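# Structural overview for review
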Amino acid sequence: MTDNELIEQAKKARQSSYSPYSNFAVGAALLADNNQVFLGCNVENASYGLTNCAERTAIFKAVSEGQRQFKKLVIIGDTEGPISPCGACRQVINEFCAPDMPVLMVNMKGEVKHTSIAELLPYSFGPEDLS
Ligand SMILES: O=c1ccn([C@H]2C[C@H](O)[C@@H](CO)O2)c(=O)[nH]1
Ligand SMILES: [Zn+2]
């Protein structure tokens, strides 16, 4: 699975976005260790705060289907620069992804920023802090 293939999958997932309030569609593709790809889109709600972001949708789908080990995450949205995950999503990514796991932030112009949760969420609080 190449980066470009995963980006195309995230773009496809974005088409399922339910975002009538923000009109801002986001897609995500999460590659599990077993090479399964879990897709996600943002799912909004009339009670705005219940919105679930694309990347959390993908992670929750994977975990609910028994996958907890991941090797890459792609997020795509129509932003000026590569889209950046919100704070809630960073915390959820931190729960399940290794500090150096590649996270690709992408926009519809095809700009790609390679990062990791270690960069996105420094001084994180995570599972290891509770053991
Ligand atoms: O990385 C991001 C940033 C925003 N959103 C969603 C949440 C909301 O539905 C809309 C506007 O914030 O975009 C995501 O899904 N992922
Ligand atoms: Zn988010």
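Residues numbered from 1 in each chain as written. Chains lettered and ligands numbered in written order. Predicted model: local features only at pLDDT ≥ 70, side-chain atom pairs only at ≥ 80, totals over all residues.

## Digging into the overall build of the protein chain
Looking only at helices and strands, the protein chain features four helices and five strands. Listed N to C, the secondary structure of the protein chain is α-β-β-α-β-α-β-β-α in terms of helices and strands. Computed over C-alpha atoms, the radius of gyration of the protein chain comes to 14 Å, within 12% of the 14 Å expected from 2.2 N^0.38 for 131 residues, which places it in the range of a compact globule. Seen along its three principal axes, the alpha-carbon backbone of the protein chain occupies a region of about 40 × 35 × 30 Å. Buried positions account for 31% of the 131 residues belonging to the protein chain. When contacts within the protein chain are restricted to residue pairs at least 6 apart in sequence, long-range pairs at least 24 apart make up 58% of them. (Helix = DSSP H or I, 4+ residues; strand = E, 2+ residues; numbered from the N terminus. Rg over C-alpha atoms; globule rule 2.2 N^0.38 Å. Buried ≥ 20, exposed ≤ 12 C-beta atoms within 10 Å, placed from the backbone. Contact = placed C-beta atoms within 7 Å.)

## A look at the pairing of strand β5 (residues 112–115)
Pairing analysis gives four bridges linking strand β4 (residues 103–107) to β5, with the strands arranged antiparallel. The residue bridging Val 103 from the neighbouring strand is Thr 115, located in β5. Linkage of β4 to β5, two consecutive antiparallel strands, is achieved through a turn of four residues, within which Gly 110 is found at a positive phi near 90°. (Pairing = 2+ DSSP bridges.)

## So, the site of ligand 1
Near ligand 1 lie 15 residues; those nearest to it are Ser 22, Val 26, Asn 42, Cys 53 and Ala 54. Looking at the shell around ligand 1 residue by residue, the class counts come to nine nonpolar, four polar and two charged. (Near = placed C-beta within 6 Å. Nonpolar A, V, L, I, M, F, W, Y, C, P; charged D, E, K, R; others polar.)

## Some points on the UniProt feature "domain: CMP/dCMP-type deaminase" (unreviewed entry) in the protein chain
As recorded in UniProt, the sites labelled "domain: CMP/dCMP-type deaminase" (unreviewed entry) are residues 1–128. In residues 1–128, the share of helix is 29% and the share of strand is 23%. The end C-alpha atoms are 30 Å apart. (UniProt positions renumbered as here; feature names shortened; annotations may be inferred.)

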